[in-house]
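# Fold and geometry: a report
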Amino acid sequence: MKVVNKKVGSVDGVGIMKGRKAFTDDYADKDSLIIKVKRSPHAFARIKNIDDSKAKALDGIEMVLTYKDFKRISFTRAGQGYPEPSPHDKFVLDKYVRYIGDEVCAVVGSTEEICLKALSLIEVDYEVLEPVLDFEKAIDNKTIIHDEPEAKEMFDIGFKPKKNIAASYHMHIGDVEKTLSECEYTIKETFYTQAQSHVMLEPHAVNTHIDYQERLVIYSSTQTPFHIRRIIAQALEIPMSKIRVIKPRVGGGFGGKQAIHGEMLAAYVTYKTGKPAKLVYTRKEVFESSYSRHPMKFEMALGADKFGKLKVIDCKVLSDTGAYGEHALTVFMVAGSKVLPLYNKVDSVRFSGDVVYTNHTPAGAFRGYGAIQGNFALESAVDILCHKMDMDPIKFRNLNMMKEGETSPIFAIMGEGTEGTPMNMDTCKLQECVEDGKALIDWDNKYPYKDMGDKIKTVGMAIAMQGSGIPLIDMGSATIKLNDDGFYNLMVGATEIGQGSDTVLSQIAAEELNTTIDKVIIYSSDTDLTPFDVGAYASSTTFVSGNAVYKAAKALKTEMLNEAARIFKVDIKQVEFDGEIFKVKNSDKKMTLRDFSNEITYSEEQKQLQVTSSYVGPKSPPPFMAGFIEIDIDKETAEIDIIDYVSVVDCGTTINPMLAKGQVDGAIVQGLGMAMFEDVKLAKNGKLISSDMLNYKIPTRLDINKLTTKFVDSYEKSGPFGAKSVGEIGIDTPPAALANAIENALGVRMTSLPITPEKILQKLKENEK
Amino acid sequence: MKINLKINGISKILEVEPGEFLLDVLRRNNYLSVRRGCDNSSCGVCTVLFDNKPVPSCSLLAVKANNHEITTVEGIQEEANKLAKCFGEYGADQCGFCNPSMALTVYALKQENKNATDEEIKEYLVGNLCRCTGYVSQHKAIKKYLGEKNESS
Ligand code: FES
Ligand code: FES
């Protein structure tokens, strides 16, 4: 291969570094109307009256928007394919506010200053209602958060709003109780995972204007431009043909920009007034009023026979979706479907529970998408079982984990919101991942721990899997066209959000067309100009969109050979093409690509060569990995230094090894943040305390010493050039690996995230008693 | 009110409000490489050089820039280009929202201490957050860039 699996710098790195106009707000009209949202100070309340007369009287205020301006059409912000597996429980503006930070009303004015002044002049009369702030007390609470008749599920997701249940799910294989009763060793433990904020550095931003064709143009920092177009059309009853969504460069998403945020209000303002408008979230709004990761509670039971064979896994899960049910069911299911198959040789397995509404900031999509939560619970539980059996955790995993060529019945049972798709693991190099990781971290010399005087050195590990797109649902497509002078345009709906998809997709096209990456000019995500793609989520881009690009490039090559055969007046089988020159076999007839492209553009039987191809995956081959952490723990303070994090990953062929490493490195550090300190903290009344970057700490340069990231040889037949996806998997292992390391060193089991020195000291104290 | 300042070596007279921050003034005047990532000087994305020292422009009152020199990445294009090449070599660029501010800070470090140690580099850049890369690849790229200058000077 010439371009794929090679060190190729990203196609846009230089321009971005040099500060070229790139991100959404760089494209805002200078005279845009500014939109500011008044946000609820109450966790739950009914709006009795909004007095906006003083605000409206202000010079420079164009309009004040309240729920009265909008027809009551329920929708979900989730940003998923249609019909969504998330309940339609949201209105553009509503007369109920359901969390602190929820939208009350919006002001639209000429400057930010005027708007802020107007916000302060609006008087809202609330009937304050009793909120639900403990997700374990949500079900059957006397407070019903979504009592409105318009709230509905699009198909059966176990939606029971009267019980504060946004979704529920149950599956089982075998008889869990019976198997547990037959096991030599059993363990039971309860785990908690916290809410985590995405903290992508670019806040959510949107700007809108009407173009000279009188159409609504929306620039949005989104991961899902095509879904945004559809949701806006449905909720605002604007004909879809009137809307164009352009996604410029996006400054990080991690799932946080899968959903629709300010787009709805901005679109409405411009559609109504004909004037350009913009809405950029403050950092506080990003924390408080977008969404974070679903906090979950896992009640786990595992059982093994006397040889250490895992026989049964039981998980009862409760998930907190906050005030709205975005991704409620699907994140919940992924906590099982992309975790449990890791141990595919069990006799019985059960996964069940509910996703509940509370009056918290909503939860939604976030890299890992349930798998990181489930992984923490299962991989922690596995180590607890190993300690009980006095068995080396690596030996245990080698005995019990998924191997190449095997399958798990769970794939057929659990999909994302629907039934799953059966598949065999044509590639699963978990064994190599574990072996290599063990060597790289020097496990045998460091496990279980080494006393270093003031500090204890220790290691811990966990294994993980993810998916590659949602099979039979996620569709990606690509258009490739040949230009005169012999270069190509590649148009994809796939959404570059900083993960490098523009580069990776260009590489796939260049490889198949036998050319260099500079000859492939990519443009992504413009709903008018590029073909459809579901967007950047579910680790789908390399696999799903990449396959579409591969198909399109292959088809274009065939068309080019056809045309060359016509020009040479020979059969197509006689024509060879090496990326630059067409040749007739056994003859000296040849033509450069440049001459060829010029000829078909200008000289004879002129035509545009262009191909569009689409791809829907019949399966979703999981990437796998093993993660190993090495830490030093201070004996007195329990402060933790991360010495190294070793990741050994099977993601099939790495289309771009450097960018793939970047995905894993970045995800590991986000996972470490979740494991060690990131925590969405709430006051008693439900108000977010961690609503800025001083109170919500993300990892800095000083927290990270070394990341050792390695890819094992692997080739997934169904992927483009053998690739699977790699965007999410890196985030899954750090919480469990850290908790496991701590037990290896200190003999205490941390069961809730984040794992802080305070919590460790407390546990140690409890243990002394 | 009006302020006099030099932006990227060019003298400018800009109209500003008394309470306005430099970040907003710069963006209003089309220096779009300077961007906002937070509300309280804690992310580093809005960094500019103020008399050659990196500062967050989101918390600097524009009037304070009167009679001073401001550099944005538009003013150090060649250096940004070099750094970008180093980033490319290590796969250190992802979304790039942090990158122009990184270029300015690293450039300032190079002026001050071209032989900075690993720890000194980290300390100097600690205010420039990045949520995408996990920092290690950036660190390698930055070292390479600092080293290049050493060789040529
Ligand atoms: S915008 Fe974050 S430090 Fe200035
Ligand atoms: S590359 Fe995205 S924040 Fe640094």
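Residues numbered from 1 in each chain as written. Chains lettered and ligands numbered in written order. Predicted model: local features only at pLDDT ≥ 70, side-chain atom pairs only at ≥ 80, totals over all residues. Heavy atoms only, no water.

With that settled, the discussion passes to the domain arrangement of chain A. One widely used convention gives an interface's size as the accessible area the parts lose upon coming together. Residue and element names in this part refer to chain A. Looking at chain A, the domain boundaries give domain 1 (433-454 + 621-769) and domain 2 (471-615). Domain 1 puts 14 residues into the contact, and the matching count from domain 2 is 18 residues. Roughly 1,200 Å² is buried in total at the junction of domain 1 and domain 2, and carbon and sulfur atoms are behind 65% of that figure. Of all residues in domain 1, the largest losses of buried area upon contact with domain 2 belong to Ile655, Pro720 and Phe721, amounting jointly to 41% of the total for that side. Inspection of the region where domain 1 meets domain 2 yields zero salt bridges. (Domains from an automatic or database assignment. Contact = heavy atoms within 4.5 Å. Buried area = accessible area lost by both parts, 1.4 Å probe. Salt bridge = Lys/Arg side-chain N within 4 Å of Asp/Glu carboxyl O.)

Before going further, it helps to examine the interface of chain A and chain B. Facing the 55 residues of chain A at the interface are 53 residues of chain B. Note on chain A versus chain B: buried area summed over both sides is about 4,200 Å², and carbon and sulfur give 57% of it. In terms of surface lost to chain B, no three residues of chain A exceed Met17(A), Leu201(A) and Arg701(A), which account for 24% of the buried area on that side. Counting across the interface, chain A meets chain B through four salt bridges. Residue Arg131(B) is joined to Glu678(A) by a salt bridge in which the shortest nitrogen-to-oxygen separation is 2.7 Å. For the pair chain A and chain B, the interface holds 25 residue pairs in polar contact (both at pLDDT 80 or more). Sorting the residues of the side of chain A that touches chain B by element identifies α1 (13-17), α7 (283-289) and α17 (657-676) of chain A as the ones contributing at least two each. No other element matches the eight residues that α17(A) contributes to the side of chain A that touches chain B. (Polar contact = N/O pair within 3.5 Å; in protein donor to acceptor, adjacent residues only side chain to side chain. Helix = DSSP H or I, 4+ residues; strand = E, 2+ residues; numbered from the N terminus.)

This part covers the side chain of Lys481(A). All names here are of chain A. Mapped onto the elements, Lys481 comes out in strand β18 (residues 475-482). Buried and unpaired, Lys481 has no salt bridge, with Asp484 as the nearest side chain of opposite charge at 8.1 Å. When sequence neighbours within four positions are dropped, the list of residues in contact with Lys481 reads Phe487, Tyr488, Asn489, Leu556, Gln608, Leu609 and Gln610. (Buried < 20%, exposed > 50% of the residue type's maximum accessible area, 1.4 Å probe, protein only. Lys, Arg positive; Asp, Glu negative; His and termini not counted.)

This paragraph deals with the side chain of Thr222(A). Residue and element names in this part refer to chain A. Here Thr222 shows up in the loop between β10 (216-220) and α5 (225-236). A polar contact of 2.9 Å, which involves the side chain of Thr222, links it to the backbone nitrogen of Thr224. Beyond its immediate stretch of four places on either side in the chain, Thr222 contacts Ile228, Lys247, Val250, Lys257, Glu263, Thr495 and Ile497.

So, on to the domain arrangement of chain B. Residue and element names in this part refer to chain B. Under the domain assignment used here, chain B contains domain 1 (2-73) and domain 2 (75-147). A straight line from the C-alpha centre of domain 1 to that of domain 2 covers 21 Å. Contacts between domain 1 and domain 2 engage 18 residues on the former and 17 residues on the latter. With both chains or domains summed, domain 1 and domain 2 bury close to 1,300 Å², and 65% of this area falls on carbon and sulfur atoms. It is Val45, Leu49 and Val73 in domain 1 that bury the most area against domain 2; as a group they hold 39% of the surface buried on that side. Applying the counting rule to domain 1 against domain 2 returns one salt bridge. Lys53 is the partner of Glu112 in a salt bridge, and the nearest nitrogen-oxygen pair spans 3.5 Å. Applying the counting rule to domain 1 against domain 2 returns eight residue pairs in polar contact (both at pLDDT 80 or more). Looking at the side of domain 1 that touches domain 2, the elements that each hand over two or more residues are β3 (47-50) and β4 (53-56). Split by residue class, the side of domain 1 that touches domain 2 holds six nonpolar, nine polar and three charged. (Nonpolar A, V, L, I, M, F, W, Y, C, P; charged D, E, K, R; others polar.)

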